[in-house]
Amino acid sequence: MSPKESYDDLSQKDVESLSGRSLSSSNATGSGLSSVGGAKGKSSWKLKSVVTLALTLLTSSQAILIVWSKRAGKYEYSVTTANFSVEALKCLLSLAALFRTWNRHGVTDDNRLTTSFDEVSVYPIPAILYMVKNLLQYYIFAYVDAPAYQILKNLNIISTGVLYRIILKKKLSEIQWAAFVLLCAGCTTAQLNPSSDHVLQTPIQGWMMAIIMALLSGFAGVYTEAIIKKRPSRNINVQNFWLYIFGVVFNLVAICVQDYDAVMNKGFFHGYSFITVLMILNHALSGIAVSMVMKYADNIVKVYSTSVAMLLTAVVSVFLFSFHLSLAFFLGSTVVSVSVYLHSVGKLQTQK
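Keep in mind that this is a model prediction, so the values were computed, not measured.

A. Molecular detail of the nonpolar core. If you look at the biggest cluster of nonpolar residues, it comprises 49 residues, and the most contacted ones within it are Tyr-77, Tyr-138, Ile-140, Phe-141, Leu-155, Cys-187 and Met-279. Counting residues per element, this core draws most heavily on helix H8 (residues 204-230), at seven residues. Not counting the four nearest positions on each side in its chain, Tyr-77 is found in contact with Ser-69, Ala-82, Tyr-138, His-270, Gly-271, Tyr-272, Thr-276 and Met-279. In this structure, Leu-98, Leu-113, Val-122 and Tyr-123 belong to the second largest nonpolar core, which totals 18 residues.

B. Structural context of the packing of aromatic side chains. Applying the stated criterion across every chain, the model contains eleven aromatic pairs. Taking the centre distance of 5.5 Å and the plane angle of 85° together, the rings of Trp-177 and Phe-180 count as edge-to-face. Separated by three residues within a single helix, Trp-177 and Phe-180 lie in helix H7 (residues 174-190), roughly one turn from each other. Its relative accessible area of 40% is what places Trp-177 among the partly exposed residues. Geometrically, the ring pair formed by Phe-269 and Tyr-272 is edge-to-face, given 5.2 Å between the ring centres and 85° between the ring planes. Taken together, the ring pairs connect Tyr-75, Tyr-77, Phe-84, Tyr-138, Phe-268, Phe-269 and Tyr-272 into an aromatic cluster.

C. Focus on the confidence of the model for the chain. The predicted model of the chain has a mean per-residue pLDDT of 78, with 77% of residues at 70 or higher. Note on residues 1-26: pLDDT is under 50 here. Beyond four places in sequence and across chains, it has two contacts. A low-confidence stretch, residues 28-34 (pLDDT under 50), is modelled with zero contacts involving residues beyond four sequence positions or located in other chains.

D. Region of the structure containing the packing of helix H6 (residues 155-167) against H7. Running from N to C, H6 and H7 point in directions that differ by 150°, and their axes come no closer than 9 Å. When the axes of H6 and H7 are compared, the pair comes out roughly antiparallel. Where H6 crosses over H7, the two elements pack in a sense that is left-handed. Touching Leu-155, Ile-157, Ile-158, Gly-161 and Val-162 of H6 are Trp-177, Phe-180, Leu-183, Cys-184 and Cys-187, all from H7. Class assignment of the residues belonging to the contact of H6 with H7 gives a composition of nine nonpolar, one polar and no charged.

E. Summary view of the layout of surface pockets. Taken as a whole, the second largest pocket encloses approximately 180 Å³ of empty space. Along the walls of the second largest pocket sit Asp-118, Glu-119, Val-122, Tyr-123, Ala-226, Ile-227, Lys-230, Arg-231 and Gln-239, which together make up its complete lining. Among the elements of the structure, helix H3 (117-120) and H8 are those that each provide at least two residues to the lining of the second largest pocket. For the lining of the second largest pocket, the leading source of residues is H8, giving three residues. Taken together, the residues of the lining of the second largest pocket sort by class into four nonpolar, one polar and four charged.

The rules behind these values
- Residues numbered from 1 in each chain as written.
- Predicted model: local features only at pLDDT ≥ 70, side-chain atom pairs only at ≥ 80, totals over all residues.
- Heavy atoms only, no water.
- Core = buried A, V, L, I, M, F, W, Y, C linked by side-chain atoms within 4.5 Å.
- Buried < 20%, exposed > 50% of the residue type's maximum accessible area, 1.4 Å probe, protein only.
- Helix = DSSP H or I, 4+ residues; strand = E, 2+ residues; numbered from the N terminus.
- Contact = heavy atoms within 4.5 Å.
- Phe/Tyr/Trp six-rings, centres within 6.5 Å; stacked < 30°, edge-to-face > 60°.
- pLDDT = per-residue confidence, 0-100.
- Axes fitted to C-alpha atoms, helices over the stretch in contact; angles between N-to-C directions.
- Parallel < 35°, antiparallel > 145°, perpendicular 65-115°, else oblique.
- Left-handed = near helix turned anticlockwise from the far one by under 90°.
- Nonpolar A, V, L, I, M, F, W, Y, C, P; charged D, E, K, R; others polar.
- 1 Å grid on protein atoms, 1.4 Å probe; cavity = no way out; pocket = protein on both sides within 12 Å on 5 of 7 lines; lining within 4 Å.
- Points joined across faces, edges and corners; volume = space filled by probe spheres on them.

Now the structure itself:
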């Protein structure tokens, strides 16, 4: 064998060897990537599941805890102090999240608390709207039970959609308008009362309060979104902090106006029970859960959470408050769930 032939043979063997190594290496890399992708997908699915479960439990227990915190049909604690405590706890949670961000990424223009008067001056409007809506949330239970509240709470979808169209000039799809009609029909069906002279279980006062709450919630939500989108790079925890700070201030004014004597004579936490503390934690964590849904999950998660929460609230109320689960309520809640799903689908179509 000549040197050239032996060199050619060696070269060919080297090429084959290298090719084999390259192929095996690429196969290993490919399998490694697929396993990493699978692990990420599994981790993402687990996170979505945890977020969905948390939001469902928090949403379904919200109305139950408010009703359960009553004693002999009355609130023994001051609802204004409870509302104040919720806003104060939200402030602390936002600050804790900010400290974590500062430790990881340092202080930047987008995550620093110091800001201009022009930026801060827009937060009092949504803060006072949320305060009034949250206070009404306690008083509406004089006219509705927990399951009915969960049904009527979905009216804020209509108010938000209409205000989106008017204020932000966003187009609503035909599916979304159809979902609004279905939602109204579902809410009405769930409130039908065939065993009484009154057609609807909820009196007109309850309906009026639910509509006012929906309008307040819708306007505050649309206004807050407009603020956030005005400066999208701004850290969400900074924006939340300023919103909650004004919420604390306005609720402090509400305490002075409505419950000053009671607080001064009996104390800030008079009438509080373990259920009251759970209710305050629930209200504070619900806002965090919604933020996590927006960040880690998707819109369909909110749909499932809303639908399951209505059913869970009704089932738990049967055992806790002797609630009668009628066919009308079951059909109405089903129609509401379908309408919420259709609204979600319509929203995704308009975004494409």
